[in-house]
Amino acid sequence: MIVFSAIVPHSPLLLPDIGKTHVKKLAQTVAALADIEQRLYVTRPDTICVISPHGQVLGDAFGINLSAQYATSFKDFGDFKTAKTFRSDFLLIDRIQRSIRKDIPLALHSDATLDYGFGVPLHLLTEHLANPTIIPVTTSGLDLKAHFEFGKAMRDEMLNSNKRVAVIASADLAHSLTKDAPGGFSPRGAEFDAKIQELLAHRNVPGLLQMDPTLCAEAKECGLRAILIALGLLDGIDYTARVLSYEGPLGIGYLVSHLQFS
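Before going into details, it helps to say that this report is about the structure given with it. (Residues numbered from 1 in each chain as written. Predicted model: local features only at pLDDT ≥ 70, side-chain atom pairs only at ≥ 80, totals over all residues. Heavy atoms only, no water.)

## Some remarks on the overall build of the chain
In step 1: Within the chain, the secondary structure is distributed over ten helices and eleven strands.
In step 2: Taking 18 Å as the expected radius of gyration for a compact globule of 262 residues, we find that the chain reaches 17 Å, a close match to that expectation.
In step 3: In terms of principal-axis extent, the alpha carbons of the chain reach across some 45 × 40 × 35 Å.
In step 4: Scored against the burial criterion, the 262 residues of the chain give a buried share of 53%.
In step 5: In the chain, the proportion of contacts linking residues at least 24 apart, taken out of those at least 6 apart, comes to 79%.
In step 6: Of the accessible surface of the chain, which amounts to about 11400 Å², a share of 52% is contributed by carbon and sulfur atoms.
In step 7: Taking the average place of the 25 positive charges on the side chains of the chain and the average place of its 28 negative ones, the gap between the two points comes to 3 Å. (Helix = DSSP H or I, 4+ residues; strand = E, 2+ residues; numbered from the N terminus. Rg over C-alpha atoms; globule rule 2.2 N^0.38 Å. Buried < 20%, exposed > 50% of the residue type's maximum accessible area, 1.4 Å probe, protein only. Contact = heavy atoms within 4.5 Å. Areas by Shrake-Rupley, 256 points an atom, 1.4 Å probe, with all protein chains shown as cover. Lys, Arg positive; Asp, Glu negative; His and termini not counted. Charge placed at Lys NZ, Arg CZ, Asp CG, Glu CD.)

Put into structure tokens, the structure is as follows:
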């Protein structure tokens, strides 16, 4: 069964050994993630499905990493100490891949290393959990509707599983909020972030599926597809999207939202 869901950012700067002084600029996000970590702990998940727009992202297929074990790595950011290991929920992944409709392209791969798109949420949200297994899912280059449908296609296996499953969308928003943002400045970055929050608050999935491609491109967003897979997994479940924090002092929109079940 699905017992928890949230949308969280994946900036490595949220990790103290990487962010250093930048962590203070992200105080709201850090506090909100600590809140999510506590809420997640209370639900006692056996398995965490993390959906990331980074890693081995294919243009024409969704991905699930089926390595027996995983280790997070932040060596690309100069941090050789921060690392955690996790086990795969092999059986649930197998049931999911067997049940996916033939018209939904899914590629399984095996990579023992998890990049920051998976690693940051897992480090920040599993501190007090006792060895949860994980399901690392990656987005694709397919359209928005395909991502929602992929989430729906995985839903029944997770709902019917005897495992307690948590769903985490690892999703930064616009990368264009300030002049020194990674994507350069665009006034449409703030517009995109506001629109995403408005549509989530009203559970307006059709609105999210119809997001203007030009707006998405000019905002330099990266997380919408991960969010839509998570919302597909929650299709038919009554939830409220509660924003715990939103800020963008470093030019990237960081949203922490608990998709709280009724």
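The discussion continues.
## Looking at the packing of helix H6 (residues 144–160) against helix H10 (residues 224–233)
In step 1: Closest axis-to-axis distance for the H6/H10 pair is 6 Å, and the angle between their directions is 35°. Crossing handedness for the pair H6 and H10: right-handed. Judged by residue contacts, Leu 144, His 147, Phe 148, Phe 150, Gly 151, Lys 152, Met 154, Arg 155 and Met 158 of H6 engage Leu 224, Arg 225, Leu 228, Ile 229, Leu 231, Gly 232 and Leu 233 from H10. (Axes fitted to C-alpha atoms, helices over the stretch in contact; angles between N-to-C directions. Left-handed = near helix turned anticlockwise from the far one by under 90°.)

## Quick look at unusual backbone geometry
In step 1: With a phi angle near 55°, Arg 44 is a residue other than glycine that sits in the positive phi range.
In step 2: Inspection of the secondary structure assignment puts Arg 44 in the loop between helix H3 (27–42) and strand S2 (47–52).
In step 3: We classify Arg 44 as exposed; its relative accessible area is 53%.
In step 4: Backbone geometry at Asn 131 places phi at a positive 55°, although glycine is not the residue there.
In step 5: The topology assignment puts Asn 131 in the loop between helix H5 (116–125) and strand S8 (133–138).

## As for the side chain of Thr 43
In step 1: Here Thr 43 is to be found in the loop between H3 and S2.
In step 2: Given the relative accessible area of 14%, Thr 43 is considered buried.
In step 3: At 2.7 Å, the side chain of Thr 43 and the backbone oxygen of Leu 40 are in polar contact.
In step 4: Setting aside residues no more than four positions away along its own chain, Thr 43 makes contact with Val 3, Phe 4 and Arg 164. (Polar contact = N/O pair within 3.5 Å; in protein donor to acceptor, adjacent residues only side chain to side chain.)

## A few points about helix H7 (residues 188–201)
In step 1: With 14 residues, H7 should reach 20 Å at 1.5 Å per residue; the first-to-last C-alpha distance of 20 Å fits that figure.
In step 2: Contact partners of the buried residues in H7: strand S1 (2–8), helix H8 (205–209), helix H9 (213–219), H10, strand S10 (239–247) and strand S11 (254–261).
In step 3: Of the residues flanking the end of H7, it is Arg 203, one or two places downstream, whose phi is positive at about 50°. (Expected span 1.5 Å × (residues − 1).)

## A word on H6
In step 1: With 17 residues, H6 ought to run about 24 Å at 1.5 Å a step, and its terminal C-alpha atoms sit 26 Å apart, in line with that.
In step 2: Of all the bends found along H6, the most pronounced is centred on Met 154 and spans about 35°.
In step 3: The set of residues buried in H6 consists of Leu 144, His 147, Phe 148, Phe 150, Gly 151, Ala 153, Met 154, Arg 155 and Met 158.
In step 4: The opening residue of H6 is Asp 143, an N-cap whose side-chain oxygen sits 3.4 Å from the backbone nitrogen of Lys 145. (Bend = angle between axes of the 7 residues up to and from the residue.)

## A few points about the packing of H7 against H10
In step 1: Two elements in contact, H7 and H10, have axes separated by 13 Å at closest approach and are oriented at 5°. Taken together, the axis directions place H7 and H10 in an arrangement best described as roughly parallel. In contact with Phe 192, Ile 196 and Leu 200 of H7, H10 contributes Leu 224, Ile 227 and Leu 231. (Parallel < 35°, antiparallel > 145°, perpendicular 65-115°, else oblique.)

## Focus: the environment of Phe 80
In step 1: Turning to its location among the elements, Phe 80 is positioned in the loop between strand S4 (69–72) and strand S5 (85–88).
In step 2: Here the alpha-carbon distance between Phe 80 and Tyr 254, two residues 174 residues apart in the chain, equals 25 Å.

## Some remarks on the environment of Ile 64
In step 1: One can find Ile 64 in strand S3 (residues 62–65).
In step 2: For Ile 64, a relative accessible area of 0% translates into the label buried.
In step 3: The sequence separation of Ile 64 and His 109 amounts to 45 residues, and the corresponding C-alpha distance is 6.5 Å.
In step 4: Not counting chain neighbours up to four residues away, the residues in contact with Ile 64 comprise Ile 93, Ile 96, Leu 106, Ala 107, Leu 108, His 109, Ile 135, Pro 136, Val 137 and Met 154.

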